[in-house]
2 protein chains.
Amino acid sequence: MPSSPPATAERWLAQARVGRLATVTPAGLPHVVPVCFALAGGTIFTAVDQKPKATRALARLDNVRATGRASLLVDHYEEDWSLLWWIRVDCTAAVIDSEAAIDALAAKYEQYREARPAGPVIALEPARWRSWIPSDS
Amino acid sequence: MPSSPPATAERWLAQARVGRLATVTPAGLPHVVPVCFALAGGTIFTAVDQKPKATRALARLDNVRATGRASLLVDHYEEDWSLLWWIRVDCTAAVIDSEAAIDALAAKYEQYREARPAGPVIALEPARWRSWIPSDS
């Protein structure tokens, strides 16, 4: 069941430059990779980029195709632990080909404007937002 | 089947202040949280700390108890993407009570010396190391 994001959580997630994408392998094992992503129209998009990482690229795509689920975590670490925060979005997920999704990624990241990803893209539809954000934010 | 870590990967993992721990729920869904951790004698330890986060604390412990697996990711982000790196350790995992494990965490983190975690601890035994590290490191 979808849940609406708190405004602060959605804004902080949208602005974060990196997140960590957790998926589950067809055999039921956990998998996690760092990803760049963009939030557009309530959907989160992430693309496989240019670096030579064939095995992990295939793993995350295979996992999404097999399970239809992914969880994206954005967090902030510093040594003053009273300032830690994190936002997690548990999502349904699909592998798609979408120039509009790559446009959203390129709008956020200059690096993608310089070297446009070929795709495919993972589209994440938030089903549940969870966060730990300092109460004065 | 265990695999030995490359020396650089093990050193960088040990020094990282924060990692992201991916687990799988009993229902097969992905879960991911930021964690502090310590590497001691080839085993990685992470404790539930002091902040009020009952639901996610229970989730990660329940997941480890149900599946016996977890994956820990450490990564570095910066805008020059040629300098990105990540290290992932796919592990067997167990929930334990261990003062020695908390000692290892307290040795790494002053915050844990000031407020010692009560436990329990998740012990991660690396089964497979994967990394993307710039070749000149």
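Okay, so let's go over this structure.

Rules used in this analysis
Residues numbered from 1 in each chain as written. Chains lettered and ligands numbered in written order. Predicted model: local features only at pLDDT ≥ 70, side-chain atom pairs only at ≥ 80, totals over all residues. Pairing = 2+ DSSP bridges. Helix = DSSP H or I, 4+ residues; strand = E, 2+ residues; numbered from the N terminus. Axes fitted to C-alpha atoms, helices over the stretch in contact; angles between N-to-C directions. Contact = placed C-beta atoms within 7 Å. Core = buried A, V, L, I, M, F, W, Y, C linked by C-beta atoms within 7 Å. Buried ≥ 20, exposed ≤ 12 C-beta atoms within 10 Å, placed from the backbone.

Residue and element names in this part refer to chain B. Strand order in this open sheet of seven strands is β2-β1-β5-β6-β7-β4-β3, and the pairing throughout is antiparallel. The open sheet has two edge strands with one neighbour each: β2 (30-35) and β3 (38-40). Across this sheet, the average inter-strand angle for adjacent strands is 35 degrees, counted without regard to direction. Two elements, strand β1 (residues 19-24) and β2, share six bridges in a ladder whose sense is antiparallel. Among the inter-strand pairings, Ala22 is bridged to a residue of β2, identified as Val32. Lying over the sheet, helix α1 (residues 7-15) contacts β3, β5 (69-76), β6 (85-96) and β7 (121-132), oriented at roughly 65 degrees with respect to β6.

Moving on, we get to the nonpolar core. Core analysis: the biggest nonpolar cluster contains 72 residues, and Phe45 and Leu72 of chain A together with Phe45 and Leu72 of chain B have the highest contact counts within it. Sequence-distant contacts of Phe45 of chain A, that is, excluding residues within four places in its chain, are made with Phe37, Ala38, Ala40, Ala101, Ala104, Leu105, Val121 and Ala123 of chain A.

We now examine the environment of Leu105 of chain A. All names here are of chain A. In this structure, Leu105 sits in helix α3 (residues 99-108). With 65 residues separating them in the primary sequence, Leu105 and Ala40 have C-alpha atoms 9.0 Å apart. Setting aside residues no more than four positions away along its own chain, Leu105 makes contact with Ala38, Phe45, Ala47, Tyr112 and Pro117.

This part is about the pairing of β7 of chain B. Residues and elements named next belong to chain B. One ladder, built from four bridges, connects strand β4 (residues 43-47) with β7; its direction is antiparallel. Bridge assignment links Ile44 to a residue of β7, and that residue is Leu124. Of the pairings in the sheet, the one linking β6 to β7 comprises eleven bridges and is antiparallel in character. Bridged to Ala94 within β7 is Ala123.

Remember, this is a structural readout, not a statement about activity or role.
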